[in-house]
Amino acid sequence: MMSRPADMNPAPDAEALYASLLQALRDGIAGREVALIGIHSGGAWIAERLHRDLALARPLGTLSTAFHRDDYGRRALPAEMKATALPFEVAGADIVLVDDILYTGRTVRAAMNELFDYGRPARIELAVLLDRGGRELPIEARYCGARHPLAAPRNFALSRDAAGRFALRIE
């Protein structure tokens, strides 16, 4: 796993982070039947590609956290609402939640709240492309492309081109 000093470097190479995350996940889930669920929207992009590259048997799920966030009033609704789609039984499933950037932990908490509306999984693990630090909740990714601290108010923004390749920038 790659690490970078805080705030002094440009955004890391998203494709290199993806390769690192893919290998960590491949090693971590070997011999297990897991269900992959991407958190809209960046996490869903990453989950789509991981699902394809890992050739997982279970269908891919996607999850919206819009109505479960504790900062719902401040953030408002996204311009384009994405629906939760879980085409498998959640109860008893071995689940890997996928997100793009782990920061405060609030998105992951909201995702777990949404997930429990569908049943109680046997296990939930977290995979993220990038952990930027700054946690407000005790949440940690089991699988992580890299840790790259970034001080507020700056943020990482993930994009995806027409070929499905990822890029990160600092805003």
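Reference entry: report on the structure contained in this document.

### Quick word on the pattern of salt bridges
The full count for this structure, using the stated rule, is 14 salt bridges. As a salt-bridge pair, Arg 58 and Glu 33 come within 3.1 Å of each other at their nearest N and O atoms. One end of the pair, Arg 58, is in the loop between α2 (42-54) and β3 (61-63); the other, Glu 33, is in the loop between α1 (14-29) and β2 (35-39), with 25 residues separating them in the sequence. Across the salt bridge formed by Arg 142 and Glu 125, the nearest N and O atoms sit 3.0 Å from each other. Residue Arg 142 is found in the loop between β5 (123-131) and β6 (143-147), and its partner Glu 125 is found in strand β5; the two are separated by 17 residues along the sequence. When salt bridges that share partners are traced, they join Arg 32, Asp 94, Arg 123, Glu 125 and Arg 142 into one network.

### Considerations on the packing of aromatic side chains
Across all of its chains, the model carries one aromatic pair by this definition. With a centroid separation of 5.8 Å and an interplanar angle of 55°, the aromatic rings of Tyr 18 and Phe 166 are classed as tilted. With Tyr 18 in helix α1 and Phe 166 in strand β8 (residues 166-170), this pair connects stretches of sequence that are 148 residues apart. A relative accessible area of 3% places Tyr 18 in the buried class. Of note, Arg 49 hangs over the ring of Tyr 18, and the distance from its end group to the ring centre comes to 4.1 Å. Positioned over the ring face of Tyr 103 is Arg 132, at 3.7 Å from the centre of the ring.

### So, the side chain of Thr 62
Among the structural elements, Thr 62 can be located in strand β3. Assessed through its relative accessible area of 15%, Thr 62 is described here as buried. Within the structure, Thr 62 has its side chain in polar contact with the side chain of His 40 (distance 3.4 Å). Discounting residues that sit within four places of it in the chain, Thr 62 has contacts with Ile 37, Gly 38, His 40, Ala 44, Ala 83, Thr 84, Ala 85 and Leu 86.

### Describing the nonpolar core
Formed by 27 residues in total, the largest nonpolar core has its most connected members in Leu 25, Ile 29, Ile 46, Leu 50, Val 96, Val 98 and Leu 168. Secondary-structure elements contributing two or more residues to this core are α1, α2, β4 (94-102), β5, β6, β7 (156-160) and β8. Looking at this core, the element that brings in the most residues is α1, giving seven residues. Discounting residues that sit within four places of it in the chain, Ile 29 has contacts with Val 34, Leu 54, Leu 56, Val 96 and Tyr 143. Formed by 19 residues, the second largest nonpolar core is a distinct cluster that contains Ile 37, Leu 63, Ala 93 and Ile 139.

Reading the values: the criteria
Residues numbered from 1 in each chain as written. Predicted model: local features only at pLDDT ≥ 70, side-chain atom pairs only at ≥ 80, totals over all residues. Heavy atoms only, no water. Salt bridge = Lys/Arg side-chain N within 4 Å of Asp/Glu carboxyl O. Helix = DSSP H or I, 4+ residues; strand = E, 2+ residues; numbered from the N terminus. Phe/Tyr/Trp six-rings, centres within 6.5 Å; stacked < 30°, edge-to-face > 60°. Buried < 20%, exposed > 50% of the residue type's maximum accessible area, 1.4 Å probe, protein only. Lys NZ or Arg CZ within 6 Å of the ring centre and 35° of its normal. Polar contact = N/O pair within 3.5 Å; in protein donor to acceptor, adjacent residues only side chain to side chain. Contact = heavy atoms within 4.5 Å. Core = buried A, V, L, I, M, F, W, Y, C linked by side-chain atoms within 4.5 Å.

Interpretation note: all reported values are geometric properties and have no functional meaning in isolation.
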